[in-house]
Every structure is written in structure tokens, then in C-alpha cells.
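Read off the chains here:
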Amino acid sequence: MRLRNVPGAREEIAASKYVLLDDAETKGKWNEIFGNDHPIQIEIGMGKGTFIMEMAQRHPEINFVGIEKYSSVLVRALEKLEAINNEKEEKGEATINNLLLFRMDAENIENYFAKDEVSDIFLNFSDPWPKDRHAKRRLTSDRFLARYINLMKKTGTITFKTDNTDLFNFSVKTANEEGWTFLKKTDDLHHSEYNEGNIMTEYEKKFSEMGNKIHMMQIIQ
Ligand code: SAM
């Protein structure tokens, strides 16, 4: 994602009730933070948040955390969430209260979630890090898969979508080598049996309009 400094982004997100920053003490406290014991699903690298906001509206029985590394990106998601909630308020509808936006680098994710606190993980169009020497930074590398095991329930799934064939092949190979079981796998999500109910992310829209096929896998421990 091309990054632009957004003046005031840090201040704007720090002041919002919808946002947690990386100084937040959240590990083992998510039930308290949400004020209920609903399952928690997270998206790592949510970008502008279209996917997770739609998920939160479709599934009020689940709590969602949208994780994003950069304030300048997260602020765009925040503005969208505030606009949706303002509109809902004007119409007298219930606002989205099962979603928090978390500005945090997923490299440190184990500092923020305790064992079994996360039900499911979504990785959408994660940065490909094409150079071999950066492979460990990919969100589907063995290092990250090991981190996820330390947060997720045994029954938890990881769902990963990308149009990047090299990254997808790498991710499939890594998940296989690390002993994960595949629940779903397709090289053309939009023309597959798994497309029903699919929520398109910003990148998914952009790349599928360019004619790229969307790969998807869902794995479980
Ligand atoms: N998921 C969105 C979509 O599909 O439209 C955005 C995809 S964008 C290519 C990847 C996003 O992941 C960027 O916003 C980037 O800042 C974020 N990201 C990359 N590495 C991250 C990390 N280690 N922790 C948190 N967010 C990260």
C-alpha cells in the first residue's frame, strides 16, 4: 500500500473510542474490553477496513479487531467507521459496537492477545515481501503461523486471500510444511463454490477489476 503522511492522523486516532494504540494493555482482557464473552475474530493488515466493517455488521454476535500498522492508513478506516455510525444514528439504527481498530505491528501480536483469545484470523491481500531475504515478514511465514497458534483456539481458522500467485504458493507450502490442515483452497475464488457470502476487500475489488484471479485458502491447526 502506498503510504502518505496524513497530518493529524495520530492525534485523531488517539482521541477515538473506536481505536486502541500499541501502548494498550489488552492481553487476557478482551472480554473486559468488549464487555461480553463473544468470540473474537481479527483481521491483520485491514487497510481501510471495508472487509471488517461489513463482517461486524453481518455478525453482531462476534467481536472484531481490525489490526493495522500505520496511523495514516488506520485513520481512513476510522473515518469510514464514524461515517457509518453517524448515518446509523441519524436513522435511529444500532451502531457498530462490536469492532475495534487496533494500531499495532503484527510482529508483536503475542504481546496483545493471550492463548485462546482469538477465534479466527483473516489475512487479506497481505504485503507480498517478494525478496527471499524478507520472507519472514510475510504474514503467512512459519514465524507468523507459530505466533497465531499462541493466540488462537484449537478450533480457529486462518483465511487468506490474495491475487499474488507467488505469495499464495509460498503460503500453501508453508502451511503444509507446518502441519496445518486445509479446509478450503481455490485459485479462483470468485468462480468457486466458496464465493457465496464473500466480502470483497478494497484490494480484492481493485485487482479483480483488473482481471486478476483471487486465490483463497482456509486452514486449521
Ligand atoms: N486488507 C486490505 C485489503 O485487502 O484491501 C489492505 C491490504 S494492504 C496490501 C496490506 C495492509 O496491511 C496495509 O494497510 C499495511 O499497512 C498492513 N500491514 C502490513 N504489515 C503489517 C503488520 N506487520 N502489522 C499490521 N499491519 C500490517
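Everything below is about the structure printed above this text.
Note that this is a predicted model, so its numbers are computed, not measured.

Draft legend 1. Representation of the nonpolar core. Of all hydrophobic cores here, the largest spans 34 residues; its most connected members are Ile 42, Ile 44, Phe 113 and Tyr 148. Top contributing element to this core by residue count: helix H6 (residues 165-177), with 4 residues. The residues touching Tyr 148, leaving out its near neighbours within four places in the chain, are Ile 44, Ile 121, Leu 123, Leu 139 and Ile 158. In this structure, Ile 13, Leu 21, Met 53 and Leu 74 belong to the second largest nonpolar core, which totals 24 residues.

Draft legend 2. Representation of the site of the ligand in the model. For the ligand, the set of nearby residues contains 18 residues, the closest of which are Gly 45, Glu 68, Ala 106, Thr 201 and Tyr 203. In this structure, Tyr 203 approaches the ligand through a main-chain N or O atom, which is 2.9 Å from an oxygen atom. Out of a free accessible area of 590 Å², the ligand has 96% covered by protein chains. Judged by the fraction of its atoms near the pocket grid, the ligand is located in the largest pocket. Residue composition of the shell around the ligand, grouped by class: 8 nonpolar, 4 polar and 6 charged.

Draft legend 3. Representation of the packing of aromatic side chains within the structure. The final tally for this structure, using the stated rule, is 9 aromatic pairs. Both rings, one in Phe 125 and one in Phe 207, keep their centres 6.4 Å apart while their planes meet at 25°; by these two values the pair is stacked. Placement of the pair is Phe 125 in the loop between strand E5 (118-124) and helix H5 (142-149) and Phe 207 in helix H7 (residues 202-209), with a sequence separation of 82 residues. According to the relative accessible area criterion, Phe 125 is buried, its value standing at 9%. The buried category is assigned to Phe 207, whose relative accessible area is 17%. Members of the aromatic cluster, connected to one another through ring pairs, are Trp 30, Phe 34, Phe 102, Tyr 112 and Phe 113. Across from the ring centre of Phe 144, 4.5 Å away, lies the NZ or CZ of Arg 147, which sits over that ring.

Parameters and conventions
Residues numbered from 1 in each chain as written. Predicted model: local features only at pLDDT ≥ 70, side-chain atom pairs only at ≥ 80, totals over all residues. Heavy atoms only, no water. Core = buried A, V, L, I, M, F, W, Y, C linked by side-chain atoms within 4.5 Å. Buried < 20%, exposed > 50% of the residue type's maximum accessible area, 1.4 Å probe, protein only. Helix = DSSP H or I, 4+ residues; strand = E, 2+ residues; numbered from the N terminus. Contact = heavy atoms within 4.5 Å. Near = heavy atom within 4 Å. Polar contact = N/O pair within 3.5 Å; in protein donor to acceptor, adjacent residues only side chain to side chain. Areas by Shrake-Rupley, 256 points an atom, 1.4 Å probe, with all protein chains shown as cover. 1 Å grid on protein atoms, 1.4 Å probe; cavity = no way out; pocket = protein on both sides within 12 Å on 5 of 7 lines; lining within 4 Å. Sits in = over half its atoms within 2 Å of the grid points. Nonpolar A, V, L, I, M, F, W, Y, C, P; charged D, E, K, R; others polar. Phe/Tyr/Trp six-rings, centres within 6.5 Å; stacked < 30°, edge-to-face > 60°. Lys NZ or Arg CZ within 6 Å of the ring centre and 35° of its normal.

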